[in-house]
Amino acid sequence: MDSRLLMTLEVAVVGAQKIGAVPHGTRVTAPVASGQFEGPRLRGKVLPGGGDWTLLRGDGVLELDLRLTLETDDGALVHMASFGLRHGPPGVIAALARGEAVDPSAYYFRTTPRFETGHPKYAFLNRLLAVSAGDRRPGGPTYTIYEVL
Amino acid sequence: MRSRPLMTARLSTARVQTIGAGPHGTRVTFPVTGGSFEGERLRGKVLPGGDDWTVKRADGVIELDLRITLETDDHALIHMTFEGIRDDDARGAPYFRTTPRFETAEPRYSFLNRLLAVGTGELRPDGPVHVIEEIL
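Residues numbered from 1 in each chain as written. Chains lettered and ligands numbered in written order. Predicted model: local features only at pLDDT ≥ 70, side-chain atom pairs only at ≥ 80, totals over all residues. Heavy atoms only, no water.

### As for the overall build of chain B
For clarity, the cut-off: The numbering of helices and of strands both runs from the N terminus, where a helix is a DSSP run of H or I of at least 4 residues and a strand a run of E of at least 2. Throughout, the radius of gyration refers to the C-alpha atoms, and the reference size of a globule is 2.2 Å times the residue count to the power 0.38. Here a residue-residue contact requires only that any non-hydrogen atoms of the pair lie within 4.5 Å. Method for areas: the Shrake-Rupley scheme with a 1.4 Å probe, in which residue coverage is limited to the protein chains shown.
Summing up its helical and strand segments, chain B has zero helices and ten strands in all. Taken from the N to the C terminus, the helices and strands of chain B come in the order β-β-β-β-β-β-β-β-β-β. At 15 Å, chain B has a C-alpha radius of gyration in line with the 14 Å of a compact globule built from 136 residues. A separation threshold of at least 6 residues defines the contact pool for chain B, and within that pool the share at least 24 residues apart is 45%. Accessible area for chain B stands at about 7000 Å²; split by element, carbon and sulfur atoms hold 49% of it.

### Some remarks on the confidence of the model for chain B
When pLDDT is low, close inspection of the predicted coordinates is not appropriate. Definition in use: On a range of 0 to 100, pLDDT expresses the predictor's confidence in each residue.
Averaged over chain B, the pLDDT score is 97; the fraction of residues at 70 or greater is 100%. Reported confidences for the modelled complex are a pTM of 0.96 and an ipTM of 0.94.

### Observations regarding the side chain of Thr99(B)
Going by this rule: Buried, partly exposed and exposed residues are distinguished by accessible area as a fraction of the type maximum, computed with a 1.4 Å probe on protein chains only: under 20%, between the cut-offs, and over 50%, respectively.
Mapping Thr99(B) onto the fold places it in strand E8 (residues 95-104). On the accessibility criterion, Thr99(B) (17% relative accessible area) is buried.

### Observations concerning the pairing of strand E10 (residues 127-135) of chain B
Side-chain direction in a regular strand flips from residue to residue, so the side chains alternate between the two faces of the sheet. Residue and element names in this part refer to chain B. Inclusion rule: A pair of strands counts as paired when DSSP detects no fewer than two bridges linking them.
For E10, the tally of buried residues reaches eight of nine residues, placing the bulk of the element in the interior. As paired strands, strand E1 (residues 3-13) and E10 are joined by seven bridges and run antiparallel to one another. Bridge pairing in E10 links Thr-8 to Val-131. Relative to E10, strand E9 (residues 117-124) is paired through eight bridges, and the arrangement is antiparallel. What sits directly across from Arg-124, in E10, is Gly-127. Linking E9 to E10, which pair antiparallel, is a turn of two residues.

### Brief notes about the interface of chain B and chain A
Heads up, the rule is: By buried area we mean the combined loss of accessible area, with a 1.4 Å probe, across both parts when two parts are placed together. Salt bridges are defined as contacts in which a side-chain nitrogen from Lys or Arg sits within 4 Å of a carboxyl oxygen from Asp or Glu. Counting of polar contacts relies on pairs of N or O atoms within 3.5 Å, with two restrictions inside protein: one atom must be capable of donating a hydrogen and the other of accepting it, and residues adjacent in sequence are counted only when both atoms are side-chain atoms. Any residue outside Ala, Val, Leu, Ile, Met, Phe, Trp, Tyr, Cys, Pro, Asp, Glu, Lys and Arg is labelled polar, Gly included; the first ten of those are nonpolar and the last four are charged.
Of the residues lining the interface, 23 residues belong to chain B; the matching set on chain A comes to 25 residues. With both chains or domains summed, chain B and chain A bury close to 2200 Å², and 54% of this area falls on carbon and sulfur atoms. At the junction of chain B and chain A, the tally comes to four salt bridges. Across the pair Arg114(A) and Glu63(B) runs a salt bridge whose closest N-O atoms are separated by 3.4 Å. Seen at the junction of chain B and chain A, the total is 16 residue pairs in polar contact (both at pLDDT 80 or more). Contributing elements (two or more residues each) for the side of chain B that touches chain A: strand E7 (77-87), E8 and E10 of chain B. Sort the elements by how many residues they give to the side of chain B that touches chain A and E8(B) lands first, with five residues. Residue composition of the side of chain B that touches chain A, by class: nine nonpolar, five polar and nine charged.

### Quick look at the pattern of salt bridges
Evaluation of the coordinates by the stated rule reveals 21 salt bridges over all chains. Among the salt bridges present, the one from Glu134(B) reaches Arg4(B), with a minimum N-O distance of 2.9 Å. With Glu134(B) in strand E10 and Arg4(B) in strand E1, the pair connects residues that are 130 residues apart, well separated along the chain. Judged by its relative accessible area of 38%, Arg4(B) is partly exposed. Shared partners join several salt bridges into a network, and the residues in it are Arg114(A), Arg127(A), Arg57(B), Asp59(B), Glu63(B) and Asp87(B).

Here's what the structure looks like:
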């Protein structure tokens, strides 16, 4: 698969809301406080108000449903939505849950972001698919996002 | 990003249902009548009864939304969906890319429940072909 770097996105999550055992699994909602992104074609910050709506399934896989608004340094707003999966060996997942720094190659954390914008300069984002590798650092996830060519 | 081949899926489709201009764009539904899939780890047929529910947006890009059932040659059923886009105006060639997902209850194929994938599509005279890779 050919791809090229689109951006690195760092997100700070604060105050996880543990809804608990719901019909499809264990629901935890992670509000996004702030963040930033940088890439060859765009850079800027993450606006507050987004979140990652996560669901821990019975097979141990965490489904992630991230929605954010990005603001570029030249004032364009970009809606981002990203479905993902995260799983790994129990000891590794437990270390992440304790807020420890863990080598991201020890677990599988991958997402497929999509973008929407009304700004003509960034309209190319409306016409591409992307994949990302996530790194769940103690303060929040960092995503290295690639455009699928 | 690293990836490895998962399967090539060839779909047979029946005459499209052109629902027409709806709130999101032009709705065209492609009924899937059958097909086949093949990869190192799994192979079999596409069962009839699925569809690709597409919408052509105002900017010319077609959004795809497929749901089908696969049956492996050893009789496991796999629910497969994808979202994606087809941009016939993309420079060079149509940009036809999807993000397939899978669900199965068969332990032999449960690895499908735990991966993300990317597909490259091509329209051929006898139906669309999707070359699908697992995202490592």
